[in-house]
Amino acid sequence: MCRRNPLSQAIQTEYVPIGFALRPILLHDCRFVCPHGRFWRRQAVLKPFGRGISRTLDLTKPMNRGPLTLARRRYSLRIFTPLCNARAESSKTAACVLVAILAVTQTGSAQTEGIEPHTLADIRPDQQVIHELGAYQSTISDLRNPTDVAFDSQGRIYIADEQSHQIRIYGSDSQRVAAWGRRGTAPGELNRPGGLAISRDGEIFVADSGNHRVQVFDADGAFIRSWGGYGRGKGQFNNPTRVAVNDGRVYVVDEGNHRVEVFDREAIHQFTIGRYGKSDGEFRRPTGVAVDPLGNVYVADGDNARVQRFDASGKFIKAWSQWGPYPGFIMNPSGIQVQSGRVYVADGDNHRVHVFDVDGGYLYRFGVHAVRPREGNGRLHYPNAVAIAPNGVRAVVCEGFENRCQLFGIVTPETPKDPLANSGLDLTLVSHYGQRCDVDGRLMAITEPESHSVLVYDLSAKEPIWITQIGTYGGRNGEFVRPTDVKLDTSRSLLYVCDAGNRRIQTFRLSPPPADAIRFDPLMAKFASSIDLCQRARAGADSREHVDVADIEPTAIERDENGNTYILDATHRRLLKFDAEWNLSGFWGQFGRVGGGWGRPTDLVYHRATKTLRVVDADRRCIFLYHVDGSAAGTLRPRSDLGVVEPFGMCVDDDGSVYVTDMGADRILKYDNEGQFLRHWGSPGLGAGELYRPTSIQLDHNGRLIVIDFGNHRGAYFSTDGEFIDVFGSRFFTAPARQQRKTN
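Residues numbered from 1 in each chain as written. Predicted model: local features only at pLDDT ≥ 70, side-chain atom pairs only at ≥ 80, totals over all residues. Heavy atoms only, no water.

1. Thoughts on the overall build of the protein
What the protein contains, in helices and strands, is four helices and 57 strands. Counting all 744 residues of the protein, 60% fall into the buried class. Looking at the protein as shown, the accessible area adds up to about 29,000 Å², and 47% of this sits on carbon and sulfur atoms. (Helix = DSSP H or I, 4+ residues; strand = E, 2+ residues; numbered from the N terminus. Buried < 20%, exposed > 50% of the residue type's maximum accessible area, 1.4 Å probe, protein only. Areas by Shrake-Rupley, 256 points an atom, 1.4 Å probe, with all protein chains shown as cover.)

2. Thoughts on the sheet that holds strand β9 (residues 146–151)
What the four strands build is an open sheet, ordered β9-β10-β11-β12; its pairing is antiparallel. Here the strands that pair on one side only, and so sit at the sheet edges, are β9 and β12 (176–180). Taking each pair of neighbouring strands and ignoring which way they run, the sheet shows an average axis angle of 20°. Two elements, strand β10 (residues 157–161) and strand β11 (residues 166–170), share five bridges in a ladder whose sense is antiparallel. (Pairing = 2+ DSSP bridges. Axes fitted to C-alpha atoms, helices over the stretch in contact; angles between N-to-C directions.)

3. Details of empty space enclosed by the protein
Scanning the model with the defined rule gives six cavities of 30 Å³ or more in all. Roughly 110 Å³ of internal volume is contained in the second largest cavity. If you go around the second largest cavity, you meet 19 residues; those closest to its centre are C437, D485, D603, L604 and Q698. Secondary structure elements with two or more residues in the lining of the second largest cavity: β34 (437–440), β38 (483–489), β42 (556–559), β46 (601–607), β50 (647–652) and β54 (694–699). Here the lining of the second largest cavity takes four residues from β54, the largest share from any one element. A breakdown of the residues in the lining of the second largest cavity according to their chemical character gives eight nonpolar, five polar and six charged. (1 Å grid on protein atoms, 1.4 Å probe; cavity = no way out; pocket = protein on both sides within 12 Å on 5 of 7 lines; lining within 4 Å. Points joined across faces, edges and corners; volume = space filled by probe spheres on them. Nonpolar A, V, L, I, M, F, W, Y, C, P; charged D, E, K, R; others polar.)

4. Remarks on the sheet that holds strand β21 (residues 286–291)
An order of β21-β22-β23-β24 is seen for the four strands of this open sheet, with the pairing classed as antiparallel. Bordering the open sheet on either side are β21 and β24 (316–320), each of which pairs with just one other strand. The mean angle between the axes of side-by-side strands here comes to 20°, regardless of whether they run parallel or antiparallel. The pairing of strand β22 (residues 297–301) with strand β23 (residues 306–310) spans five bridges and is antiparallel.

5. Concerning the side chain of S164
With respect to the helices, strands and loops of the structure, S164 is situated in the loop between β10 and β11. The buried category is assigned to S164, whose relative accessible area is 14%. In this structure the side chain of S164 is engaged in a polar contact, spanning 2.6 Å, whose partner is the side chain of D161. (Polar contact = N/O pair within 3.5 Å; in protein donor to acceptor, adjacent residues only side chain to side chain.)

6. Remarks on the pattern of salt bridges
Opposite charge on two side chains permits them to pair, given that their charged atoms come into close proximity. Summed over all chains, the structure comprises 45 salt bridges. For the salt bridge of R168 with D161, the shortest nitrogen-to-oxygen distance reads 3.6 Å. When sorted by exposure, R168 lands in the same class as D161, which is buried. In this structure, R192 engages E162 in a salt bridge whose closest nitrogen and oxygen atoms are separated by 4.0 Å. With a gap of 30 residues between them, R192 in the loop between β12 and β13 (193–198) and E162 in the loop between β10 and β11 connect regions that are remote in the sequence. A single burial state applies to R192 and to E162, both of which are buried. (Salt bridge = Lys/Arg side-chain N within 4 Å of Asp/Glu carboxyl O.)

7. Observations regarding the environment of P193
Turning to its location among the elements, P193 is positioned in strand β13. Note on P193: relative accessible area 0%, which makes it buried. Along the chain, P193 and G181 lie 12 residues apart, while their C-alpha atoms are 9.7 Å from each other. Setting aside anything within four residues of it in sequence, one finds P193 in contact with T147, A160, D161, E162, H165, Q166, V206, A207, D208 and S209. (Contact = heavy atoms within 4.5 Å.)

8. Things to note about the pairing of strand β53 (residues 677–681)
Pairing of strand β52 (residues 667–671) with β53 involves four bridges; the strand directions are antiparallel. In the strand pairing of β53, K670 is matched with R679.

9. Observations regarding unusual backbone geometry
Even without being a glycine, S174 presents a positive backbone phi close to 70°. One can find S174 in the loop between β11 and β12. Taking the relative accessible area as the measure of exposure, S174 reaches 9% and is therefore buried. Phi is positive for A305, close to 50°, though the residue is something other than glycine. Along the chain, A305 falls in the loop between β22 and β23.

10. Here we look at helix α4 (residues 731–743)
Between its terminal C-alpha atoms α4 stretches 18 Å, which fits the 18 Å expected from 13 residues at 1.5 Å a residue. Every buried residue belonging to α4 is among F733, T734 and A737, and all of these are buried. Each buried residue of α4 lies within a common arc of 80° when the element is viewed along its axis, so the set occupies one face. Residues of α4 that are exposed and point over 90 degrees away from its buried face: R731, Q739, K742 and T743. Turning to α4, the residues buried within the fold contact β56 (714–718) and β57 (724–729). (Expected span 1.5 Å × (residues − 1). Arc of directions from axis to C-beta.)

11. Topic: the side chain of D152
By the element assignment, D152 lies in the loop between β9 and β10. Classification of D152 by relative accessible area gives buried; the value is 7%. Engagement of the side chain of D152 in a polar contact is seen with the backbone nitrogen of Q154, the distance being 2.9 Å. Only 2.8 Å separates the side chain of D152 from the backbone nitrogen of R156, close enough to count as a polar contact. Residues contacting D152, with those up to four places away along its chain left out, are Y158, I198 and P390.

12. Considering the pairing of β13
Of all six residues making up β13, six are buried, and the element is well covered by its neighbours. Of the strand pairs in this sheet, β13 and strand β14 (residues 204–208) are connected by five bridges, and their pairing is antiparallel. Residue A197 lies in a different strand from β14, and its bridge partner there is F205. The antiparallel hairpin formed by β13 and β14 contains five residues in its connecting segment, where G202 sits at a positive phi of about 95°.

13. Re the environment of G274
Checked against the element boundaries, G274 lands in the loop between β20 (269–273) and β21. Placed 14 residues apart in sequence, G274 and V260 show a C-alpha to C-alpha distance of 6.5 Å. Aside from chain neighbours lying at most four places away, what touches G274 is H258, R259, G281 and F283.

Structure follows, in structure tokens:
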């Protein structure tokens with residue numbers, strides 16, 4: 001309690017169920033504080049006793065300017081909290097209503113003398129908003145995973161389109177007027193362009209992510225110059241994803257190296273902003289950069305869920321926001337733009353755009369989470385970039401996940417209101433199966449990206465039954481930042497989780513319910529251990545080479561029958577081997593486009609029958625095979641006529657047949673044990689046997705293939721010959737396939 005605030009003296013601390021633990025909740029300086037805030041509705045209704053008029057306070061606004069000044073009357077404060085999350089509601093395992101009463105020291109009045117004022121308003125009194133953006137206008141849909149967008153001085157829209165490897169240009173009427181670029185490594189060619197910016201003199205700067213360089217073009221797409229290359233040194237990049245430009249400097253988000261590199265217009269390196277970390281001025285996976293007219297630099301700090309501001313020399317000024325689903329809170333800042341004193345942040349996992357002032361004061365937001373499949377018309381689904389027109393009256397929001405960009409204009413009194421905009425519903429809590437899963441026996445574990453958690457299911461019944469959820473966002477034991485893969489070992493009752501944002505592996509001991517009494521149990525998983533991979537690598541540094549791989553971000557994990565653990569570090573193109581005591585015993589792999597070099601590894605599989613490791617490379621569109629000592633064992637390359645776009649996940653059956661998800665072509669590929677192509681199935685859509693951005697693929701204990709249909713927020717069952725069996729997941733996304741199956 002804070003003794004200086006008399007309002008806090010009457011607030012009681014209650015213990016309520018959150019996830020699998022009991023944690024204290026208290027209202028402090030009239031702020032509802034929760035260590036796992038995303039699970040709670042932070043809205044209070046203040047109602048004078050004996051009166052029929054209520055006043056609603058939104059407790060989700062950042063309250064860092066002092067305590068709240070209340071009118072001198074007697075209020076009751078009711079805070080209604082839902083269950084642990086939306087899924088826990090369906091399981092009916094826990095419910096809690098916390099009612100806090102603001103006490104008064106005198107009848108009919110609250111003592112507030114001496115308390116400095118605090119405002120909860122969206123707009124601070126000294127910063128009245130002239131206009132707000134957010135009125136839906138139109139959609140650009142002829143795209144293939146757009147990653148960034150920018151306006152030129154004439155109001156034309158330039159879009160970096162990743163899968164077509166092009167820059168596409170649209171007029172003010174949203175009609176395409178030009179496109180240039182093709183896949184390749186030569187000057188002027190592109191490989192997954194990730195960001196773009198346009199200078200005042202019309203030069204177009206492109207972050208050529210897959211080629212780890214920056215390229216500059218004129219307005220017609222003619223190549224001018226380029227610089228960069230894969231690496232960690234000055235002027236080198238590891239997956240440059242965004243770029244910004246002002247009159248004299250170019251700012252490049254070097255995501256894989258967790259920094260922003262600053263150059264002059266002729267590509268001479270000036271200085272570096274940031275490094276890996278959580279402190280002020282440090283980044284974990286920066287995802288966007290913008291510059292204001294004074295040269296101040298704003299960086300979207302992805303895994304730290306915040307925005308950081310630096311001066312023109314790169315000196316840290318301030319940071320703001322935190323992780324959560326509430327107004328002004330950020331869950332996945334994916335793009336940033338500064339215009340006319342406002343900072344626009346595309347928040348992918350909150351499915352909206354936040355607007356702040358340049359000091360971090362929250363102003364407003366626009367965009368509502370799309371609920372139904374492929375829903376648009378102003379509703380957003382994983383927005384990943386935002387651009388504001390030079391005159392400030394128009395915004396374009398990229399949604400790479402939906403292969404589109406939506407345009408918004410100024411909100412007027414006549415603008416239709418979305419009924420979900422102020423409904424209070426937390427739509428981030430619906431099922432969003434992540435890109436990774438693992439199956440062992442009757443258990444299946446799936447990463448859940450938006451809540452930074454892991455879901456565990458029992459596969460004994462016809463449809464998977466959700467039996468527990470592990471973790472939430474954070475850095476403590478049992479918490480995750482961007483869990484990227486899971487590995488089940490039911491023989492030892494263990495679950496391994498790749499906690500990429502925290503650079504560690506966490507293990508949990510599982511106690512699943514018996515098969516004849518399956519139920520949800522929030523206490524089923526107990527934290528067992530945390531392995532700091534960087535520390536373990538440094539401890540085994542007996543050569544300079546070992547030191548070079550000390551920065552490890554686990555992407556995928558496998559274990560062999562001897563207790564060795566294999567970690568795929570896709571960021572640094574390495575495969576690391578740890579023994580049963582987690583000592584680093586070997587590593588291999590390197591970046592490259594020829595021979596055994598890796599472009600963009602995405603998955604790792606250990607095949608016990610042949611004792612080989614297999615690595616999927618999405619950029620090189622092949623699978624590399626290795627013996628457990630790191631020596632090469634072959635390469636599986638698909639036929640060129642198959643048109644493989646983006647292989648992502650893989651599994652191998654007992655006969656050696658290989659199954660690969662092609663995330664870019666929405667299908668599954670099957671090869672025999674010699675690497676000969678056998679068949680493929682799947683096509684874009686929601687129907688029976690249709691897929692949208694499939695990622696992980698596994699075999700269950702009944703010999704069925706389980707495919708994580710990532711883009712459709714569901715899982716799908718197939719036979720090993722490609723026959724569709726069933727789907728599971730969100731009703732909106734499973735109903736079309738089930739209805740079609742019944743009809744057929």
